[in-house]
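Coordinate inspection notes
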Amino acid sequence: TDDRGRGVFATRAIGAGTTIVRGIPAACVPKDDRLRTHCSVCLAPAADRPLCSGCGHVVLCARCAKSDGARLIHDDECASLRSLFAVPAKERPADTCSLRLLLRLLLWRWRCSRPELPQYVEDEWWGDGDACGDELDDVLALCEPPEGLADGGVDCDAAFWDMAAQARYHLPAHARLSRGLAAELMA
């Protein structure tokens, strides 16, 4: 709406505990201290699960390990995470959560640009009932160029530019974007 923005508005009283909408996140990642104890895709506790044999840093819960879409999310990022965690701890960000989220978004963007490839979301993976999920264009519509970026300036926050540069270093070549476009996703 013009005065309230984008959202969902109740037109009648809704009882406590009523499911109004189920939404599929465009992207999420566990905090650094939960990488080995919570599912890398759905964030459910998964401390009893084995670490990924490829990157050695994340786990998938039993449900996500059986899902082609969920496994695909980690398969796309596995080499990037292996590269990220191969960097000595003193030379990488103390908290990699934002960088890992940017990597995941950029890989999702790449996969969406290739409709002939399998995509991440599978209806049965999210359980029974309707669920809504954003398309890539919905996420990109929330991004506006950082001030000064659209006119060729470099006023974008330095942290966004640094993270965009780090992401390019860890992403496979086919998923890389310019630093400006990657920084725009983080702004």
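For the structure itself, consult the block above.
A brief structural summary.

Here is what the cut-offs are and how they apply
Residues numbered from 1 in each chain as written. Predicted model: local features only at pLDDT ≥ 70, side-chain atom pairs only at ≥ 80, totals over all residues. Heavy atoms only, no water. Helix = DSSP H or I, 4+ residues; strand = E, 2+ residues; numbered from the N terminus. Expected span 1.5 Å × (residues − 1). Bend = angle between axes of the 7 residues up to and from the residue. Buried < 20%, exposed > 50% of the residue type's maximum accessible area, 1.4 Å probe, protein only. Patch = residues over 30% accessible without salt bridge, like charges linked within 9 Å, V, L, I, M, F, W, Y side chains within 5 Å. Areas by Shrake-Rupley, 256 points an atom, 1.4 Å probe, with all protein chains shown as cover. Salt bridge = Lys/Arg side-chain N within 4 Å of Asp/Glu carboxyl O. Core = buried A, V, L, I, M, F, W, Y, C linked by side-chain atoms within 4.5 Å. Polar contact = N/O pair within 3.5 Å; in protein donor to acceptor, adjacent residues only side chain to side chain. Axes fitted to C-alpha atoms, helices over the stretch in contact; angles between N-to-C directions. Parallel < 35°, antiparallel > 145°, perpendicular 65-115°, else oblique. Left-handed = near helix turned anticlockwise from the far one by under 90°. Contact = heavy atoms within 4.5 Å. Nonpolar A, V, L, I, M, F, W, Y, C, P; charged D, E, K, R; others polar. Disulfide = S-S within 2.5 Å.

Observations regarding helix α2 (residues 68-86)
Three- or four-residue spacings in an α-helix give side chains the same orientation, since the helix completes a turn every 3.6 residues. The first and last C-alpha atoms of α2 sit 27 Å apart over 19 residues, in line with the 27 Å expected at 1.5 Å per residue. Maximal helix bending in α2 amounts to about 45°, located at C78. Where α2 is concerned, the buried positions are G69, A70, L72, I73, H74, D76, E77, C78, S80, L81, L84 and F85.

Concerning a nonpolar patch on the surface
Together, V8, I14, I20 and V21 line one region of the surface with nonpolar side chains, adding up to about 390 Å² of accessible area. Residue placement: I20 occurs in the segment before β1 (23-24).

Notes on the pattern of salt bridges
Counting across every chain of the model gives 5 salt bridges. With a closest N to O distance of 2.8 Å, D32 and R100 form a salt bridge. In this pair, D32 is assigned in the loop between β1 and α1 (62-65) and R100 in helix α3 (residues 97-112), connecting sequence segments 68 residues apart.

Brief notes about the nonpolar core
Counting residues in each nonpolar core, the largest one holds 35 residues, and the members touching the most others are V41, C64, L106, A167 and L171. Counting residues per element, this core draws most heavily on α3, at 8 residues.

Description of the side chain of S67
Summarising the element assignment, S67 is placed in the loop between α1 and α2. Among the polar contacts made by the side chain of S67, one reaches the main-chain amide nitrogen of A70 at a distance of 3.1 Å.

Looking at the environment of I24
Mapped onto the secondary structure, I24 falls in strand β1. Residue classification places I24 among the buried residues on the basis of a relative accessible area of 14%. Measuring from C-alpha to C-alpha, the distance between I24 and C42 comes to 9.9 Å, with 18 residues separating the pair along the chain.

Section: the packing of α2 against α3
Viewed as axis vectors pointing N to C, α2 and α3 meet at an angle of 135°, and their least axial separation amounts to 10 Å. It follows that α2 is oblique to α3 by the angle criterion. The two elements α2 and α3 meet at a crossing, and its hand is right-handed. Note on element contacts: α3 touches α2 through L99, R100, L103, R104, L107, W110 and R111, opposite L72, I73, D76, E77, S80, L81, L84 and F85. Looking at side-chain class alone, the contact of α2 with α3 contains 9 nonpolar, 1 polar and 5 charged residues.

A look at the state of the cysteines
Under the criterion given, the structure shown has 0 disulfides. Cysteine C42 is unpaired, with the sulfur of C61 as its nearest cysteine sulfur at 3.6 Å. C52 takes part in no disulfide bond, and the closest cysteine sulfur to it belongs to C78, at a distance of 3.6 Å. Look at C52 and you get buried, because its relative accessible area is 18%.

Describing the environment of H57
Tracing the backbone shows H57 in the loop between β1 and α1. Apart from residues lying up to four places away in sequence, H57 is in contact with L35, R36, L51, C52 and F85. Within the local environment of H57, its side chain forms a polar contact with the backbone oxygen of C55, the two atoms lying 2.8 Å apart.

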